[in-house]
Each structure stands twice: as C-alpha cells, then as structure tokens.
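# Examining the three-dimensional arrangement
The chain contents come next:
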Amino acid sequence: MMQMGYGMKKFVMMVAAAMMVALHIQGQAIQTVDSEGNAIPLVTVLDMDGNMIGTTNINGELADVKGAAKITVTHVAYKPQIVTIASLQNGRVTMEDLDYGLKEIVITPKPYLYVEYYFRGFRYIGDSLRAYGAGIYPAIFDVKKHYEADTRTHWSYGAFSNKAKSWHGVHIVNRVKSWIKGSSHMSIEKFLTTEKGKEKYNASIVEEKPNVWRVEISNEVVGQIVHSNGQSRATLDGSRMQMYSNEIHGETKMLEKRQKMDYKYQYAEIFKLADEDNELPDIARHQMTMDHWEYNGGKGRDIEIYYIYTVDHGFVDAATFKARSKELNGNYVGNMTLEDLQKYEASHNIPPLAPAQLEAIKALKKGQGK
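Report follows, based on the coordinates. (Residues numbered from 1 in each chain as written. Predicted model: local features only at pLDDT ≥ 70, side-chain atom pairs only at ≥ 80, totals over all residues. Heavy atoms only, no water.)

Okay, helix H5 (residues 238–248) next. The element H5 is largely enclosed, with a buried count of eight among its 11 residues. Contacts made by the buried residues of H5 are with helix H4 (195–201), strand E13 (212–217), strand E14 (220–228), strand E15 (231–237), helix H6 (252–260) and strand E16 (264–272). One or two residues past the end of H5 sits Gly-250, with phi positive at roughly 70 degrees. (Buried < 20%, exposed > 50% of the residue type's maximum accessible area, 1.4 Å probe, protein only. Helix = DSSP H or I, 4+ residues; strand = E, 2+ residues; numbered from the N terminus. Contact = heavy atoms within 4.5 Å.)

Written as structure tokens, this is what we have:
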C-alpha cells in the first residue's frame, strides 16, 4: 500500500476540517409534518432547558437546531414531544394530532352563545423565557348582536422574571381578551373569500393537492390551509399580509413602523369542518388558535406566543352563564396554581406543558420577587 507523505496527510486533514466546518455552518435541519406528510408551520422548537431555538417556516422547516442533541417541539394543534436528533430520518419529525373531543353543539333559541376558553401565553427575550401566563376565560356572545362578545372575568396563573415585571399576566390576559372581543370569529379561509377579505388582502387560495391549499398574495405564498381529521387548519404569515395590505392601501406610516420594528406575525387557527347544512356560526366551530409575534423590543428580540383553546360551548341564557361563572369562581379563586392548571387541563384533554417548558416556568416562579 502506498504511504501518504506529510504534505498529503496535511492536505487531507485540512479538507476534512473544512468539511466539518461546512457541516457545522450548514447545521442540522428538521422538518415537522403531520401523519399524512403535510408540512406543519409555526412549530416552536426548544432545547431541553426550555430556551427558544426557533420556529418552523411555512414549509415546516427549521434550518438549524443549533447543535441540540434533543429538542422539544410544540404546537397548539399537536401533542408536544421530545425528539432525539440522531434518531431522525432526513430530519423529519412527525407530530401527533391533538383531538381533545370538544362536544357537539346544538342550536337553541337561547339568547347567548357561551364559549369557555383556556389560554397560554409565553414571552421570550432572545431565547430566554421571561414570562408565562395561563388560565380560563369565559365569554358570552349575544346572538342578536351578531355574536358581539362580552368577556366577563378570568382566572389565571402567572410567572415572570424581574426583567419582565412590567409585562406579565395582565398583558397576557389583555391580549386574550382583545382577541376574544376583536376577532371576526370567522375562519380565515372563509374570510379571505368575503368582499371585506378580498379588499383588505387581495389573496388567492390555490389548490395544491386534495385537501391542501396555499394562500398567495401577488404570486407569493404566505400561508397554507389543510383539511384533515375533521378540521380546517390554516397557517398564515400575518405580518407579510398586513404589510402588503398597508402597501396597496397607501398606509405608509404603519408600513414604515412595522418595517422599523422588524415586525413578524404568524397565525394559526383550527376550526371544525362545517357540514353543508350546518347553520352554526364559525365561532361555534372554533377549536384552537395560535398567535406568534416577534419584534425588536430594545433589549433583544421580543417573542410572544399564545395558545387559545375552546374547551366548552353551548347556547345559554343569562342565568346559566351566571351559574357557570359562580362555579368557576368557586373552584379557581384568585391566582391559580400550576396544580390547578394541570387539573383543569386534564379534565379538558388539553396536553400538558412539555417538561422543558414546565421546568422553565417553575424557575421563573421560584425567582419572583428576588
């Protein structure tokens, strides 16, 4: 066998080192998909200490897990799971559907639609969790007023670091309340086909394959809609759509403000698919929503993530709503504890927090006031 000289050995070692550097720079990519192989955008990817690694894009891809051997993946519509990177085939992560069995709703002549929401809110600065809040938010919608919401009160839990004291549970609850009262409560695929939706975004819904559509503005893909497991699941690049709307409507000040903030907003929603003869309003078919904001907050990149679940609903009168509020108040007085939350989650089939998230939240709570 021919022996390599010193120069050749040195050259081979340099090439090997360059390849290792290139692989490191390229990073370990992953792609999150559902049981049918459809991409899952907007999946939060954490390391095992609960720090933010990143979020999957519209194709369900994250380019680099930053050297993590294990990761936690979470999404409002799927069960959280821990993934060992070395075990993946081609970096693909298949997530399991969350089907928490929301009961069927029947239309009655009662004047209000009662909807009970469960919410979670996370705030990261950079990659570090700084605040968390969760709780119950009951609301009634006046049928005669086209489902205008009245959000009465809430029961919640909060944990935050000293650096986030000005932004804690109150902010999270206000975000949720704003969503409940201000949302059109119409599924996005329906809204985009209305005159108001067309005027605002001028978006097209294009069939990609059976039960999968892409959302486009000016021939740019900004979202996807998937029908699966009896659900309509939509994910949108909301910031791109909002800024495009600003642009086409001459709203230059808002456009410049969003550009200056390096503002990013992504949105996911899950509605129960409607039967052709189903006269229920969309809000009665709502199941889950996820909002994900990012912007430059002056002390690093601020990231806010919200999960909102519909856990109960039905047509009621004022006395029934009052009785339910009293029942909630009896079971969840004042600030809820993590144990309260876990009991409520289990009773409504809401998946528990991933272990990495739970430990990060406990660390926040332990450090409060110190």
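In this section: the pairing of strand E8 (residues 112–125). Among the 14 residues in E8, 13 count as buried, and that is most of the element. Of the strand pairs in this sheet, E8 and strand E9 (residues 128–142) are connected by 14 bridges, and their pairing is antiparallel. Within E9, the position partnered with Leu-113 by the bridge is Phe-141. If you look at the hairpin formed by E8 and E9, you'll find two residues sitting between the two strands, and Gly-126 has a positive phi there, around 65 degrees. (Pairing = 2+ DSSP bridges.)

Turning our eyes to something else, we now look at the side chain of Arg-258. Mapped onto the fold, Arg-258 is located in helix H6. As a buried residue without a salt bridge, Arg-258 has its nearest oppositely charged side chain in Glu-251, at a separation of 6.0 Å. Dropping the residues within four chain positions of it, Arg-258 is found in contact with Gln-242, Met-243, Asn-246 and Tyr-263. (Lys, Arg positive; Asp, Glu negative; His and termini not counted. Salt bridge = Lys/Arg side-chain N within 4 Å of Asp/Glu carboxyl O.)

With that settled, consider the pattern of salt bridges. Enumeration according to the criterion identifies 18 salt bridges in this entry. One salt bridge in this structure joins Glu-208 and Arg-214, with 3.9 Å as the shortest N-O distance. Linking Lys-362 and Glu-359 is a salt bridge whose minimum nitrogen-to-oxygen distance equals 3.9 Å. Residue Lys-362 and its partner Glu-359 are both found in helix H9 (residues 355–367); the two are separated by three residues, about one turn of the helix. For Lys-362, a relative accessible area of 39% corresponds to the partly exposed category. Given the relative accessible area of 49%, Glu-359 is considered partly exposed. Overlapping salt bridges, with partners in common, bring together Asp-262, Lys-264, Glu-294 and Arg-301 in one network.

Next up on the list: the pairing of strand E1 (residues 30–33). For E1 and strand E4 (residues 61–62), the ladder comprises two bridges, and the chain directions are antiparallel. Bridge pairing in E4 places Ile-30 opposite Leu-62. The pairing of E1 with strand E7 (residues 92–94) spans three bridges and is parallel. Bridge pairing in E7 places Gln-31 opposite Arg-92.

Let us look at the layout of surface pockets. Rolled over the atoms, a probe with the dimensions of a water molecule shows which regions are left empty. Of the voids in this model, the second largest pocket is the one considered here, and its volume is about 250 Å³. Ile-58, Asp-237, Ser-239, Arg-240 and Gln-266 are, among the 16 residues lining the second largest pocket, the residues nearest its centre. Every element with two or more residues in the lining of the second largest pocket is listed here: E14, E15, H5 and E16. Considered class by class, the residues forming the lining of the second largest pocket number six nonpolar, five polar and five charged. (1 Å grid on protein atoms, 1.4 Å probe; cavity = no way out; pocket = protein on both sides within 12 Å on 5 of 7 lines; lining within 4 Å. Points joined across faces, edges and corners; volume = space filled by probe spheres on them. Nonpolar A, V, L, I, M, F, W, Y, C, P; charged D, E, K, R; others polar.)

As a further point, take the side chain of Glu-294. Among the secondary structure elements, Glu-294 is positioned in strand E17 (residues 286–296). At a separation of 2.9 Å, a polar atom in the side chain of Glu-294 contacts the side chain of Arg-301. If sequence neighbours within four positions are ignored, Glu-294 has contacts with Asp-262, Tyr-263, Lys-264, Arg-301, Asp-302 and Ile-303. (Polar contact = N/O pair within 3.5 Å; in protein donor to acceptor, adjacent residues only side chain to side chain.)

Let us look at unusual backbone geometry. Look at Tyr-147: it is not a glycine, yet its phi comes out positive at around 70 degrees. Assignment of secondary structure puts Tyr-147 in the loop between E9 and strand E10 (148–151). The phi angle at Asn-202 is positive, at roughly 50 degrees, despite the residue not being glycine. Relative to the elements of secondary structure, Asn-202 occurs in the loop between H4 and strand E12 (204–209). The partly exposed category is assigned to Asn-202, whose relative accessible area is 48%.

Purely geometric stuff here, so don't read any function into it on its own.
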